Amino acid sequence: MHATAREFFESAREAARDAARCRRQLDAMECRADGLGGGGFEPRVRSTPDPDRMGARVAALADHGGMLERRMEEDYRLIDAACAVLYGRDSRGGLYALVGWPADAIYHHYLALRTWEETADLLGYSASHTKHAVGMALEFADANGQMWTELGRGMAE
């Protein structure tokens, strides 16, 4: 599936971006749906010969919303898997147990969608040092293997 830890986290970053896009679209659809069917008390003249135009619009919105929800579920499965690699399935292991703060840097950059500069500032390091430490952590994860990394155990244990 993913040849390297970097590719895995790049995929997780794209999933986080996609989930955010889906959420924005769903929020916009909800706002538009609030405006559907807001009838008043005054008589209106129908401008279209289609008597079920409103029903078709509602059905189209529901279909699109369902598709967005399914995409978000897929995105969150990958994000959850990335969090398991970083912190373990029980939040007491993972890459963090093995390398410390660089795992947090991976989380902030790849999953929380922060820039390297924002991530470094948040963690109190320079961007170049943060990138270097993340590179080393990803290389370690590749050498260690995903299962052992999720468990928070190094190869030598």
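Shown above is the structure to which this text applies.
## Describing the overall build of the protein
In step 1: Counting secondary structure elements, the protein contains seven helices and zero strands.
In step 2: Tracing the protein from N to C terminus, the helices and strands come up as α-α-α-α-α-α-α.
In step 3: A total of 157 residues make up the protein; the buried ones form 34% of that total.
In step 4: Residue pairs at least 24 apart in sequence account for 64% of intrachain contacts in the protein once pairs closer than 6 positions are excluded.

## Considering helix H6 (residues 127-144)
In step 1: For H6, spanning 18 residues, the distance from its first C-alpha to its last is 25 Å, which sits close to the expected 26 Å at 1.5 Å a residue.
In step 2: Taken together, the buried positions of H6 are occupied by Thr 130, Ala 133, Val 134, Gly 135, Ala 137, Leu 138, Ala 141 and Asn 144.
In step 3: Just downstream of H6, Gly 145 is the residue with a positive phi angle, here 95 degrees.

## Quick notes on unusual backbone geometry
In step 1: Of note in the backbone geometry, Ser 91 takes a positive phi value of approximately 65 degrees without being a glycine.
In step 2: Of note, Ser 91 is situated in the loop between helix H2 (53-87) and helix H3 (94-99).
In step 3: Owing to a relative accessible area of 61%, Ser 91 belongs among the exposed residues under this scheme.
In step 4: Even without glycine at this site, Leu 113 takes up a positive phi of about 60 degrees.
In step 5: Residue placement: Leu 113 occurs in the loop between helix H4 (101-111) and helix H5 (116-123).

## Describing the nonpolar core
In step 1: In terms of nonpolar packing, the biggest core is built from 23 residues, with Phe 9 and Ile 106 touching the most fellow members.
In step 2: Contributing elements (two or more residues each) for this core: helix H1 (5-35), H2, H4 and H6.
In step 3: Those residues in contact with Ile 106, other than ones at most four positions away along the chain, are Phe 9, Leu 86, Leu 95, Leu 111, Val 134, Ala 137 and Leu 138.
In step 4: Residues Cys 22, Leu 26, Met 29 and Leu 68 belong to the second largest nonpolar core, which totals five residues.

## Brief notes about the packing of aromatic side chains
In step 1: Counted according to the given criterion, the structure contains six aromatic pairs.
In step 2: Look at Phe 8 and Phe 9: their rings are 5.1 Å apart centre to centre, the planes differ by 75 degrees, and that puts the pair in the edge-to-face class. Each member of the pair Phe 8 and Phe 9 is classed as buried.
In step 3: The structure contains a cluster of three or more aromatic residues connected by ring pairs, namely Phe 8, Phe 9, Tyr 110 and Trp 116.

## Topic: the packing of H4 against H5
In step 1: For the pair H4 and H5, the least separation of the axes is 9 Å and the interaxial angle reads 140 degrees. One way to sum up the angle between H4 and H5 is to call them oblique. Crossing geometry of H4 relative to H5 is assigned as right-handed. Contacts between H4 and H5 involve Trp 101, Asp 104, Ala 105, His 108, His 109 and Tyr 110 from the first element and Trp 116, Thr 119, Leu 122 and Leu 123 from the second.
In step 2: Considered class by class, the residues forming the contact of H4 with H5 number six nonpolar, three polar and one charged.

Conventions we followed
- Residues numbered from 1 in each chain as written.
- Predicted model: local features only at pLDDT ≥ 70, side-chain atom pairs only at ≥ 80, totals over all residues.
- Heavy atoms only, no water.
- Helix = DSSP H or I, 4+ residues; strand = E, 2+ residues; numbered from the N terminus.
- Buried < 20%, exposed > 50% of the residue type's maximum accessible area, 1.4 Å probe, protein only.
- Contact = heavy atoms within 4.5 Å.
- Expected span 1.5 Å × (residues − 1).
- Core = buried A, V, L, I, M, F, W, Y, C linked by side-chain atoms within 4.5 Å.
- Phe/Tyr/Trp six-rings, centres within 6.5 Å; stacked < 30°, edge-to-face > 60°.
- Axes fitted to C-alpha atoms, helices over the stretch in contact; angles between N-to-C directions.
- Parallel < 35°, antiparallel > 145°, perpendicular 65-115°, else oblique.
- Left-handed = near helix turned anticlockwise from the far one by under 90°.
- Nonpolar A, V, L, I, M, F, W, Y, C, P; charged D, E, K, R; others polar.

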